[in-house]
Amino acid sequence: MKLKRFFSAFLAAALLTGTVPAALAADIDSHWSKPYVTSLHELGIINPSASTGNYTPEASVTRWEFMRYINRAFHFTETASISYTDVPKNAWYYETVCIAQKYGYINGVGSGKMDPTGTVTREQAATIIGRLYKADPGNVSPSSLDFKDKAKISSWSAGYIRAAVDKGFLAGYSDGTFQPTREVTRGEVAKIIYYYLG
């Protein structure tokens, strides 16, 4: 609750002053995700590249990056032991994955792997967010959704997609599709977390 109150206060202040930190004026200045990235930057959740100073809002987000953003957003710090064969202890994302494992919002991809450097799809993002707020996926089938491309939606994600859309965390596109296998971008992740935080 404290985080939500702080977040609301920051948004109100930003709207009143109309100010944007100078560090944010690079590649998001005219991008639709600017207000979301700006807000998460101020909360210390999303940072620009240390080498370029850019946020690359249209870039795909890797699984370990998504985990890092979530861990920061919710102040997750406790860790659990892991045994994924593709997450060595000397990897820079090792602790990030250990924290995600502790809070149980993301699963491995099978065969003892986490695929930390793989990208996150829109249906995976909906599922991860759904697990965070303990959404009940129910017995929703892809065929019951309203998207034109519902046949492309996986059965395991259908219930989470409906919940995410109902709560406004994710939305379909103007052409009536959801594009479940499309890689989610950094700008989209910023918007998802922004709305999740309230």
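Residues numbered from 1 in each chain as written. Predicted model: local features only at pLDDT ≥ 70, side-chain atom pairs only at ≥ 80, totals over all residues. Heavy atoms only, no water.

Asks: Talk me through the nonpolar core; I want residue IDs and the actual numbers.
Replies: Grouped together as the largest cluster of nonpolar side chains are 57 residues, with contacts concentrated most on Leu40, Ile45, Phe66, Val87, Val97, Tyr105 and Ile129. Contributions of two or more residues to this core are made by helix H2 (34-42), helix H3 (63-73), helix H4 (94-103), helix H5 (122-132), helix H6 (155-167) and helix H7 (186-196). Not counting residues within four places of it along the chain, the set of residues in contact with Val87 comprises Ile82, Tyr93, Tyr94, Val97, Met114 and Pro116. (Core = buried A, V, L, I, M, F, W, Y, C linked by side-chain atoms within 4.5 Å. Buried < 20%, exposed > 50% of the residue type's maximum accessible area, 1.4 Å probe, protein only. Helix = DSSP H or I, 4+ residues; strand = E, 2+ residues; numbered from the N terminus. Contact = heavy atoms within 4.5 Å.)

Asks: Describe unusual backbone geometry, with residues and values.
Replies: You will see that His75, though not glycine, has its phi angle at about 55°, which is positive. Tracing the sequence through the fold places His75 in the loop between H3 and H4. Since its relative accessible area comes to 56%, His75 is described here as exposed. Notably, Gln179 is not glycine yet its phi reads approximately 55°, a positive angle. Inspection of the secondary structure assignment puts Gln179 in the loop between H6 and H7. Look at Gln179 and you get partly exposed, because its relative accessible area is 28%.

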